[in-house]
Amino acid sequence: MTTLPNPVGRHTVLLHGIAVGYSDLEDIDPALGRARGRFRPGVGYDLVQPVFRLFSEAVPAPGAEVADAEKLDRYHRSRDALGLSLEDDAGRRVRTTAIHISDYSDRKGGTIEIEVLISDRAYWKSRGGAGSRG
């Protein structure tokens, strides 16, 4: 994974126009089309948090083995049905194939992280010239 300067600034995750949260997506891997970072919940996070908590219940710690495959399957179906979108700091929509929020905030020292699979060639060009992605 590569950490590059973030010339596009803060990203907003939206649920049908409602701000779910924000991230700088500070860790990127253009070759894989993946960006990650710390996630800061917005006013609409309560609407989607139960879906992302399904993941933390199915996978009890970051990087751990799956403890509940059925719950993990429910998570994937529910997350995909949300229809989340991503915008850059200028309000431009960024084309994604998946947005995953890893919410372990209910645990001592827990955090909320985001991982986004981005299929938008223009986005990668703006993040450091990785325009061959796509």
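Our structure is the block above this text.
Nothing here was measured: the structure is a model prediction, and the numbers come from that model.

> Quick rundown of the side chain of Asp88? Include the residues and the values.
With respect to the helices and strands, Asp88 occurs in the loop between β6 (84-87) and β7 (93-94). Using a relative accessible area of 8% as the deciding quantity, one classes Asp88 as buried. In this structure the side chain of Asp88 is engaged in a polar contact, spanning 2.8 Å, whose partner is the side chain of Arg92. If sequence neighbours within four positions are ignored, Asp88 has contacts with Arg10, His11 and Val94.

> I'd like a description of the packing of aromatic side chains, backed by residues and values.
What the rule picks out here adds up to four aromatic pairs. The ring of Tyr22 has Arg10 lying over it, and the distance from NZ or CZ to the ring centre is 4.1 Å.

> I'd love a proper account of the sheet that holds strand β4 (residues 34-38), names of residues and values included.
Across the sheet, four strands lie side by side as β3-β4-β9-β8; this open sheet has antiparallel pairing. The sheet terminates laterally at β3 (27-29) and β8 (96-103), the two strands that pair on one side only. When strand polarity is set aside, the average angle formed by the axes of neighbouring strands in this sheet is 10 degrees. By the bridge criterion, three bridges tie β3 to β4 in an arrangement that is antiparallel. Paired with Asp29 across the strands is Arg34, a residue of β4. Lying over the sheet, helix α1 (residues 45-58) contacts β8 and β9 (112-118), oriented at roughly 80 degrees with respect to β8.

> Tell me about the packing of α1 against helix α2 (residues 69-82), and name the residues and values.
Between α1 and α2, whose axes approach to 8 Å, the crossing angle comes to 155 degrees. Considering the angle they form, α1 stands roughly antiparallel to α2. Crossing geometry of α1 relative to α2 is assigned as left-handed. Contact residues: α1 offers Val48, Val51, Phe52, Leu54, Phe55, Glu57 and Ala58, while α2 offers Lys71, Leu72, Arg74, Tyr75, Ser78, Arg79 and Leu82. When the residues that make up the contact of α1 with α2 are grouped by side-chain class, the tally is nine nonpolar, one polar and four charged.

Cut-off values and rules
Residues numbered from 1 in each chain as written. Predicted model: local features only at pLDDT ≥ 70, side-chain atom pairs only at ≥ 80, totals over all residues. Heavy atoms only, no water. Helix = DSSP H or I, 4+ residues; strand = E, 2+ residues; numbered from the N terminus. Buried < 20%, exposed > 50% of the residue type's maximum accessible area, 1.4 Å probe, protein only. Polar contact = N/O pair within 3.5 Å; in protein donor to acceptor, adjacent residues only side chain to side chain. Contact = heavy atoms within 4.5 Å. Phe/Tyr/Trp six-rings, centres within 6.5 Å; stacked < 30°, edge-to-face > 60°. Lys NZ or Arg CZ within 6 Å of the ring centre and 35° of its normal. Pairing = 2+ DSSP bridges. Axes fitted to C-alpha atoms, helices over the stretch in contact; angles between N-to-C directions. Parallel < 35°, antiparallel > 145°, perpendicular 65-115°, else oblique. Left-handed = near helix turned anticlockwise from the far one by under 90°. Nonpolar A, V, L, I, M, F, W, Y, C, P; charged D, E, K, R; others polar.

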